[in-house]
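Structural features, examined
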Amino acid sequence: MSKKVATKKEKPRAHVDVKAKYCSMMKKSKRLHTKALDVLPGGVESNFRLMEPFPFYAAYADGSKLYDVDGHEYIDYLLSQGAIMLGHRRKEIMQAVQAQVQKGANFAVPTELCLEVAKRITSYVPSVKRVRFTNSGTEATMHAIRTARGFAGKDKIAKAEGGYHGVHDSVLWGLWGPPEEMGHERRPKTASFSRGVPKSIADTVCVFPFNDIEATYDILHKERENLAAVITEPILANVGVLMPRDHYLNELRKITKELGILLIFDEVVTGFRVSRGGAQELFHVKPDLTTFGKALGGGFQLAAFGGRKDIMDELVEEKEEWPHVTFHGGTYNAHPVSMAASAATLKVLEDDRVYSNLDRLANNLFPAMQEQLDDLHITAEVASCGSMAQIFFGAKDVRTARQADGTDWDKLGKWCMHCLVHGVMFGHPHGEKMFISDAHTCEDIERSLEVAEDGFRAVM
Ligand SMILES: Cc1ncc(COP(=O)(O)O)c(C=O)c1O
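Only a predicted model underlies this, so the values are computations on that prediction, with no experimental measurement involved.

Thoughts on the site of the ligand
The environment of the ligand is formed by Ser136, Gly137, Thr138, Tyr164, His165, Gly166, Glu233, Asp266, Val268, Val269 and Lys294. With respect to the ligand, the side chain of Thr138 contributes an N or O atom lying 2.8 Å from an oxygen atom. The contact in question runs from an oxygen atom of the ligand to an N or O atom on the side chain of Lys294, over 2.9 Å. Here the ligand, which alone exposes 390 Å², has 79% of that area covered by the protein. Its residues assigned to classes, the shell around the ligand shows 3 nonpolar, 5 polar and 3 charged.

Rendered as structure tokens:
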């Protein structure tokens, strides 16, 4: 595949009013949004879906493409925030789901599908000896943390600054905010991210800086008597794609073992995506517990948490004292339709060719984007791991959440919007990453690079 690089064009393209173009394209979406404002706060179902000037509405999707209600086609790199790994309407998944739907929706008693998915998870991710299912990544991290707290008999957890683990009360801390709220970079405060989360919960959470192992050690050492667990994404994906540097994860594993603190990897984004065994396989680190979501369900609502047998048995092994167990439940846990989608997804992922295809596509897209930026003398880093990437404008070699937070998100949004109105959805204009699916083609990548370059010229 030929790479289209910036040097082929001499003059920057005139900047068009992207917002005006967006509004003129999205007539039906605008009408729907106006109606939605009457019944949904902000007209959306999730705060992540808020978008300026208004969000566009999806009609359907197929393979690597998403189609809006006004009839436009987009090459989709948002991919349901990373949940769609094999492409929209993947045949194997659709057939499995349709067959399951014929058998009934939900039974609230076990199905064989549950066994099949659990077996595949435990064989792909060897640190996971026992697993339980939930409906969202939020629930998965909530239950993993509860299980760790129950097992350790301690209330406090430590989380990485900038790390996102869903929307429950224990984890909406230390994401981002005004500098005075966040505290010193090497000693972050437990800064609240949401009103409505009881302030008293701050006493049960401390925050450490990802990729700064000395500062991490000091914080964990000081809190070692109180801490049940450390939770982190192995690749800090919420603030972009921050790779662990200088063996950070291996060191974190050593420290947590030394201090007697459980280690939870939140692999909701990285699980099954960056490799079949997730980031823990890539970096050769075995956490005590792991959470999964997104790719696991093949686009359907499914997440899971699992890990060491002795820790997971905390859910069922009765203690003498009251309460006897750490509780996990849910009417829709292991929903058969989602499990059918998951079983089909994990079966496809057994084939190495999926991962080599994703790598090939990623190697054609992300380095070429970096080349375009460099040729245009735009300071930016295309940070990537396998089939996911983020562009940090205004910086190179971004290592920490603070550095990521300080990059030019406004420019990223403008570039994303420019590309969107030209038919390529590179993540979300508000900063969601790009993901590649097994359904993307070389033609998609070629077209995407043309649009990306045009967008870089428009925002430089
Ligand atoms: C790392 C991580 N953990 C947990 C979650 C929460 O997952 P969900 O949105 O399914 O609740 C997300 C969502 O983006 C995530 O990125």
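Overview of the packing of aromatic side chains
The description of an aromatic ring pair rests on the distance of the ring centres and on the angle between the ring planes. For the coordinates displayed, the defined rule picks out 12 aromatic pairs. Centroid distance Phe56 to Tyr74: 5.1 Å. Interplanar angle 35°. Geometry classified as tilted. Here Tyr74 lies in strand 3 (residues 73–76) and Phe56 lies in the loop between helix 2 (27–36) and strand 1 (58–62), a separation of 18 residues in the sequence. A relative accessible area of 14% places Phe56 in the buried class. With a centroid separation of 4.9 Å and 55° between ring planes, the pair formed by Phe210 and Tyr248 is classed as tilted. Of this pair, Phe210 sits in the loop between strand 8 (205–208) and helix 8 (213–222) while Tyr248 sits in helix 9 (residues 248–259), and the two are 38 residues apart along the sequence. Neither residue differs from the other here; Phe210 and Tyr248 are each classed as buried. Ring pairing ties together the aromatic residues Tyr77, Phe393, Trp415, Phe426 and Phe456, which thus form one cluster.

Quick word on the pairing of strand 1
In this sheet, strand 2 (residues 65–68) lies alongside strand 1 in antiparallel orientation, the contact comprising 4 bridges. By the bridge assignment, Ala61 is partnered in strand 2 with Leu66. As consecutive antiparallel partners, strand 1 and strand 2 are separated by 2 residues, and within that stretch Gly63 has a phi angle of approximately 60°, a positive value.

Some remarks on the state of the cysteines
By the definition in use, this model includes 0 disulfides. With no disulfide of its own, Cys23 has Cys416 as its nearest cysteine by sulfur position, at a separation of 17 Å. With no disulfide of its own, Cys385 lies closest to Cys416 among cysteine sulfurs, the gap being 20 Å. By relative accessible area, Cys385 is classed as buried at 6%.

Remarks on the domain arrangement of the protein chain
Each domain of the protein chain was delimited in the assignment, giving domain 1 (6–76 + 353–459) and domain 2 (91–348). For domain 1 and domain 2, the distance between their C-alpha centroids amounts to 28 Å. Across the boundary between the two partners, domain 1 contributes 24 residues, which contact 31 residues of domain 2. Together, the buried faces of domain 1 and domain 2 total about 2200 Å²; carbon and sulfur atoms form 57% of this surface. Interface area lost by domain 1 to domain 2 is led by Tyr355, Arg399 and Arg402, which between them contribute 33%. For the pair domain 1 and domain 2, the number of links is 3 salt bridges. Those elements giving two or more residues to the side of domain 1 that touches domain 2 turn out to be helix 13 (352–375), strand 13 (380–385), strand 14 (388–393) and helix 14 (401–405). Here the residues of the side of domain 1 that touches domain 2 sort into 14 nonpolar, 4 polar and 6 charged.

About the thresholds
Think of each chain on its own: its residues are numbered from 1, step by step along the sequence as written. Residues qualify for local features only when their pLDDT is at least 70, as the model is predicted, and side-chain atom pairs are given and counted only at 80 or more; totals for whole chains, interfaces and linings, by contrast, use all residues. Hydrogens and water molecules were not included; the side-chain quantities draw on all heavy atoms of the structure. For this description, a residue counts as near a given molecule or strand if any of its non-hydrogen atoms is within 4 Å of it. Two N or O atoms count as a polar contact when they lie within 3.5 Å, although within protein this holds only if one can serve as hydrogen donor and the other as acceptor, and sequence-adjacent residues are included solely when both atoms are side-chain atoms. Using a 1.4 Å probe, the Shrake-Rupley method yields the accessible areas, and only the shown protein chains count as cover for residues. Ten residues, namely Ala, Val, Leu, Ile, Met, Phe, Trp, Tyr, Cys and Pro, are considered nonpolar, four, namely Asp, Glu, Lys and Arg, are considered charged, and the remaining ones, Gly among them, are considered polar. Classification of ring pairs rests on two measures: the distance between centres of Phe, Tyr or Trp rings, Trp counted by its six-membered ring, which must be within 6.5 Å, and the angle between planes, read as stacked under 30 degrees, edge-to-face over 60 and tilted in between. Each helix is a run of DSSP H or I of at least 4 residues and each strand a run of E of at least 2, with the numbering of both proceeding from the N terminus. Only protein chains enter the accessibility calculation, which uses a 1.4 Å probe; a residue whose area is less than 20% of its type maximum is buried, one above 50% is exposed, and one in between is partly exposed. Strand pairing is assigned whenever DSSP identifies at least 2 bridges connecting the two strands. Pairs of cysteine sulfur atoms within 2.5 Å are what we label disulfides. Residue ranges assigned to the domains are those given by an automatic or database domain assignment. The contact definition used throughout considers only heavy atoms, calling two residues in contact when any of these lie within 4.5 Å. Here's the idea: put two parts together, see how much 1.4 Å probe accessible area each one loses, and the total over both is what we call buried area. In the sections that follow, a salt bridge refers to a side-chain nitrogen of Lys or Arg positioned within 4 Å of a carboxyl oxygen of Asp or Glu.

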